[in-house]
Amino acid sequence: MEHYLKLSCMVISYTFFIVCVNSSEVPRPRGVSISRAPLYNPEKDFTCFDGTLTIPFNQVNDDYCDCPDASDEPGTPACPNGSFHCTNAGHKPLNIPSYRVNDGVCDCCDASDEYSNSNANCKNNCNELGRSAREEALKQAELLKAGKQIRADYIQKSTEIKQEKKDKLSELEKNLSEAEKVQAEKESLKNQIEELENAALQKYREIEETEKLKREEAEAAKNREEATETFKLFDSDQNGIVDTTELKTRQTFDKDRNGEVSDEEAKYFLNDKDEVQLEEFIAEAWARIKPFLMMDAGLFKPPTQEKEVEDLEPTEEAPEEIDGSEGEPTEDIDEHEESEGEHEETEEEEEEEEEVTEEPPPEPTKYDEETQKLINQATEARKEFTDAEKEVRHIQSEIKKLEEYLEKDFGPEDEFAVLEEQCFDYEDYEYIYKLCPFDKAVQKPKSNSMETRLGVWSSWVGPDENKYSIMLYDRGQSCWNGPQRSTHVRISCGSENKLTAVSEPNRCEYLFEFTTPAACKEAESDANDDLHDEL
């Protein structure tokens, strides 16, 4: 039978550890908090908290686990799933797993968890720890007080900024409506004048098309005439056929410049045939033969490596200024042994040659006065429409930026908004880390200026009780043979905005520690009922 004393403190048995602060102290079993003491009534049988079993009260704390939920052994290590309550008078109460009771390690500052283990040599140092904790709590309270004032200023400033941006957005939306009207008017005017312009230019286009067709027909006729004359020249036996034997007599077709024209070289110029008639010569062989004849005559440079011979467009007349090009491609003239003066002279000759061989640009079409007036009006209308279109796009871009800002989550009271467009650095022995809130996180070696993106702003990812305690920056640059880099930024209360620490807990995953007055907010109490039991 257990005894309870109200005016004094004593241990009746191992079942109870009675703590008496005053005459109203409630005795309770060892390892039980004051809030749960009424659940352990020595005058009644004890019922397990889960309701599965009722046992005599003298089996509570008898070092044998009867209840599946371990509620009958709050003060012994008998139940591995049990919980032991440390009163820790003078400091914070604590709950520890029952298996740590009498394990030789001092978990409770009042030494109550090692009541039967004299070898643990535990001392009650709760008052000392409580004093240190209270001093630290006082410092934190002062920091919190100062931070809360700054946070209030942040909130006010953010409210003003947000209102300014809302006003600006409203103004821009009105401007956009007006700008779109102007754009529509300019487009309508442009379309009207372009219709008149196109109608006026149509007769000139028809004339140009007719002239172009005539030029093409004349060039085709001239090309056919040249090809026919060349065919007759090559057809030495006048049998109406040009064959490889006839081409092999002409050094012009010695492609590799080895002193003779091979069968393969001759067949190349006849489109890989042994012989061709006139029409085949014109249609298939002439395009290959003509450039070599012109090179032989010194009319233009040989093709570069980037272009085939077929792509060259020869000019009609040979310049008289080019010397020494007869019978040899100009690329053979450039020897490594030539002097600097000779090289410069050759370059000048090539420039003159290119200038001569280029076809002069066609003269601009001269329009009648009325048509030219329409062209000028259409040009101006297109310019005005382009300017109006640019203005609409500019306003739309500004609106998008403002909408993105207003949609960002800057905290429950927008207290973190003042951090945007700011950046904070942290240096270690090798790198400089930079955090730009709501934008990006980067790493830069001290040895160079090349930045590595560790992530861009994504969202708040803190726990449910404080969502705004952790920022996530993801989609950073990919690691070598690894994932994209990402960064978590842990936010805590501080007297200033400061990046205080950087680490890499896992490969390509970074952790920043950042303090800011914006995080200085009274934490909601989520403690259990035992928090103030021993005060």
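Residues numbered from 1 in each chain as written. Predicted model: local features only at pLDDT ≥ 70, side-chain atom pairs only at ≥ 80, totals over all residues. Heavy atoms only, no water.

**A look at the overall build of the chain**
Note the threshold: By the criteria applied, helices consist of DSSP H or I runs no shorter than four residues and strands consist of E runs no shorter than two, each listed in order from the N terminus. Pairs of residues are marked as contacts when any of their non-hydrogen atoms sit within 4.5 Å. Per-residue and other accessible areas follow the Shrake-Rupley method at a 1.4 Å probe size, with only the shown protein chains counted as cover for residues.
Of the regular secondary structure elements, the chain holds 6 helices and 14 strands. Taking contacts inside the chain between residues at least 6 apart in sequence as the whole, the part at least 24 apart equals 42%. Roughly 33600 Å² of accessible area belongs to the chain as shown, and the carbon and sulfur atoms make up 47% of that amount.

**Some points on helix H1 (residues 126-234)**
Our working rule: Take the residue count of a helix, subtract one, and multiply by 1.5 Å to get its expected span. Fitting axes to the seven residues ending at a residue and to the seven starting there, one defines the bend at that residue as the angle between these axes.
Taking 1.5 Å per residue, 109 residues should reach 162 Å; H1 reaches only 118 Å between its end C-alpha atoms and comes up short. At Gln202, H1 shows its maximal bend, which comes to roughly 35°.

**What about the packing of aromatic side chains?**
Condition: What counts as a ring pair is set by centres within 6.5 Å for rings of Phe, Tyr and Trp (its six-membered ring), and what kind of pair is set by the plane angle: stacked under 30 degrees, edge-to-face over 60, tilted for all other angles. Burial classes: relative accessible area under 20% of the type maximum marks a residue as buried, over 50% as exposed, and values in between as partly exposed (1.4 Å probe, protein chains only). A ring has a charge above it when a Lys NZ or an Arg CZ is no more than 6 Å from the ring centre and no more than 35 degrees off the ring normal.
All told, the structure shown has 22 aromatic pairs when counted by the stated rule. Arranged with centres 4.9 Å apart and planes meeting at 65°, the rings of Phe438 and Trp457 form a pair that is edge-to-face. Linking Phe438 in the loop between strand S8 (431-436) and strand S9 (440-445) with Trp457 in strand S10 (residues 452-460), this pair joins segments that are 19 residues apart in sequence. Accessibility expressed as a relative area gives 4% for Phe438, which makes it buried. Taken together, the ring pairs in this structure connect Phe231, Phe234, Phe253, Tyr268, Phe269, Phe281, Trp286 and Phe292 into an aromatic cluster. Geometry around Tyr405 places Lys165 over its ring, the cationic atom sitting 4.6 Å from the centre.

**Observations regarding the side chain of Arg28**
For clarity, the threshold we go by: As used in this structure description, the phrase polar contact means that two N or O atoms lie within 3.5 Å; if the pair is within protein, one of them must be able to donate a hydrogen and the other to accept it, and residues adjacent in sequence are counted only when both atoms belong to side chains.
Mapped onto the fold, Arg28 is located in the segment before strand S1 (46-47). Judged by its relative accessible area of 2%, Arg28 falls in the buried class. Engagement of the side chain of Arg28 in a polar contact is seen with the backbone oxygen of Val32, the distance being 2.7 Å.

**What to know about the pattern of salt bridges**
We count it as follows: For this document, the term salt bridge refers to a Lys or Arg side-chain nitrogen within 4 Å of an Asp or Glu carboxyl oxygen.
Under the criterion given, the structure shown has 23 salt bridges. Glu389 is the partner of Arg393 in a salt bridge, and the nearest nitrogen-oxygen pair spans 3.8 Å. Of the two residues, Arg393 and Glu389 are both situated in helix H6 (residues 369-407); the distance of 4 residues between them amounts to about one turn of the helix. With a relative accessible area of 47%, Arg393 lands in the partly exposed category. When its relative accessible area of 27% is taken as the criterion, Glu389 is described as partly exposed. Ionic pairing is found between Lys408 and Glu420, a salt bridge with its closest N-O pair at 2.8 Å. One end of the pair, Lys408, is in the loop between H6 and strand S7 (424-427); the other, Glu420, is in the loop between H6 and S7, with 12 residues separating them in the sequence.

**Considerations on unusual backbone geometry**
Most peptide bonds take the trans configuration, and most residues that are not glycine carry a negative phi. Located in the positive-phi region is Arg257, a residue other than glycine, with phi close to 50°. Along the polypeptide, Arg257 turns up in the loop between helix H2 (244-247) and helix H3 (263-269). Taking the relative accessible area as the measure of exposure, Arg257 reaches 33% and is therefore partly exposed. We note that Cys508 has phi near 70°; this positive angle belongs to a residue other than glycine. For Cys508, a relative accessible area of 1% corresponds to the buried category.

**What about a negative patch on the surface?**
Keep this limit in mind: Patch membership requires more than 30% relative accessible area and the absence of a salt bridge. Residues of like charge join within 9 Å; the nonpolar side chains Val, Leu, Ile, Met, Phe, Trp and Tyr join within 5 Å. Under this rule, positive means Lys or Arg and negative means Asp or Glu; His and the chain ends count for nothing. Charge placement uses NZ in Lys and CZ in Arg. For Asp and Glu, CG and CD serve respectively.
Residues Glu208, Glu209, Glu211, Glu216, Glu217 and Glu219 make up a contiguous surface patch of negative charge. Here Glu217 is to be found in helix H1.

**Describing helix H4 (residues 278-296)**
Compared with the 27 Å implied by 1.5 Å per residue over 19 residues, the 22 Å span of H4 between its first and last C-alpha is markedly short. At Ala285, H4 is bent by approximately 65°, the largest bend along its length. Looking at H4, one finds that the buried residues are Phe281, Ile282, Ala285, Trp286, Arg288, Ile289, Pro291, Phe292, Met294 and Met295. Backbone geometry just after H4 places Gly298 at a positive phi near 75°.

**A few points about the state of the cysteines**
We count it as follows: Cysteine sulfur pairs qualify as disulfides if the two atoms are within 2.5 Å.
Counted under the stated rule, the structure contains 8 disulfides. The disulfide bridge from Cys109 ends at Cys126, spanning 1.9 Å between sulfur atoms. Its S-S torsion of about 100° marks the bond between Cys109 and Cys126 as right-handed, since a negative value means left-handed. Here Cys109, found in the loop between strand S4 (94-97) and H1, pairs with Cys126, found in helix H1; they are 17 residues apart in sequence, far enough to count as distant. As far as the burial class goes, Cys109 and Cys126 line up, both buried. Between the sulfur atoms of Cys423 and its disulfide mate Cys436 the distance is 2.0 Å. Residues Cys423 and Cys436 share a disulfide whose torsion about the S-S bond is about 105°; that sign makes it right-handed. Of this pair, Cys423 sits in the loop between H6 and S7 while Cys436 sits in strand S8, and the two are 13 residues apart along the sequence.

**Observations regarding the UniProt feature "domain: EF-hand" (unreviewed entry) in the chain**
For clarity, the cut-off: UniProt positions are given in the numbering used here, feature names are shortened, and annotations may be inferred rather than shown by experiment.
According to UniProt, the "domain: EF-hand" (unreviewed entry) feature falls on residues 222-257. Span residues 222-257 is 47% helix and 6% strand, its end C-alpha atoms 30 Å apart.

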